[in-house]
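In case you want the letters, here they are:
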Amino acid sequence: MKVAVVKYNAGNIRSVDYALKRLGVEAVITADKEKLQSADKVIFPGVGEAETTMKHLKATGLDELIKNLRQPVLGICLGMQLMCRHSEEGAVDCLNIFDVDVKRFVPQKHEDKVPHMGWNTIGSTNSKLFEGFTEEEFVYFVHSFYVPACDFTAATTDYIHPFSAALHKDNFYATQFHPEKSGKTGEKILMNFLNL
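Quick summary incoming for the structure in this document. Worth saying up front: this structure is predicted, and the values here are computed from it rather than measured.

### What to know about helix H6 (residues 183–194)
Here comes step 1: For H6, which comprises twelve residues, the first-to-last C-alpha distance of 17 Å matches the rise-based estimate of 16 Å (1.5 Å per residue) to within 8%.
Here comes step 2: For H6, the complete set of buried residues consists of Thr 185, Gly 186, Glu 187, Ile 189, Leu 190, Asn 192, Phe 193 and Leu 194.
Here comes step 3: Check the buried side of H6 and you find it contacts strand E1 (3–6), helix H1 (13–22), strand E3 (41–44), strand E4 (73–76), strand E9 (137–143) and strand E13 (172–175).

If you want it as structure tokens, here you go:
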């Protein structure tokens, strides 16, 4: 199985690569369009800022390439947000794979800290990513922006208010949390993705 990780100007690619290696998968980290198109699975990770990253994707043509991929694609954190229609981070139009906007967390009370950072549970899971899950599982989050619950929501988390912890539409899957930093639960999610 050929697994490709999209190489672009966003951090966190190495930790995804290490997580895949732990599962016995040697991924190729690439921005090469042919390699991405011919891969069996594509992972679109990201830690960074939406506006700058979208400029980079447009300048390199990766924006159109990612939107038109036909194999299973997994967006992680910023990758998930960039797969949405629009982000309040830099007020930028994104890839519009998921027809929903990314919002900024606004603290409602004194103890609400932004970014939402650390372990939290996911529930209401309804995607093959979460096959074998019987109860709420803990996963690792770091984010200041969120995707509201919508028609594409594949898992939810509650922080300040409920939001989409994961999205799914056709061959596109996405998690707001970091499966590569979420221990055994994250490994299970990555394995489920690789087995799609």
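Once you've had a look at it, read on.
### Overview of the layout of surface pockets
Here comes step 1: If you add up the space inside the largest pocket, you get close to 190 Å³.
Here comes step 2: Put simply, the parts of the chain that give the lining of the largest pocket at least two residues each are helix H5 (78–82) and E9.
Here comes step 3: Its residues assigned to classes, the lining of the largest pocket comprises five nonpolar, five polar and two charged.

### A look at the environment of Ser 15
Here comes step 1: Along the polypeptide, Ser 15 turns up in helix H1.
Here comes step 2: The exposure class of Ser 15 is buried, given its relative accessible area of 19%.
Here comes step 3: Each C-alpha atom, one on Ser 15 and one on Lys 181, is 7.7 Å from the other, the two residues being 166 residues apart in sequence.
Here comes step 4: In this structure, Ser 15 is in contact with Glu 180 and Lys 181, ignoring residues within four places of it in sequence.

Conventions we followed
- Residues numbered from 1 in each chain as written.
- Predicted model: local features only at pLDDT ≥ 70, side-chain atom pairs only at ≥ 80, totals over all residues.
- Heavy atoms only, no water.
- Helix = DSSP H or I, 4+ residues; strand = E, 2+ residues; numbered from the N terminus.
- Expected span 1.5 Å × (residues − 1).
- Buried < 20%, exposed > 50% of the residue type's maximum accessible area, 1.4 Å probe, protein only.
- Contact = heavy atoms within 4.5 Å.
- 1 Å grid on protein atoms, 1.4 Å probe; cavity = no way out; pocket = protein on both sides within 12 Å on 5 of 7 lines; lining within 4 Å.
- Points joined across faces, edges and corners; volume = space filled by probe spheres on them.
- Nonpolar A, V, L, I, M, F, W, Y, C, P; charged D, E, K, R; others polar.

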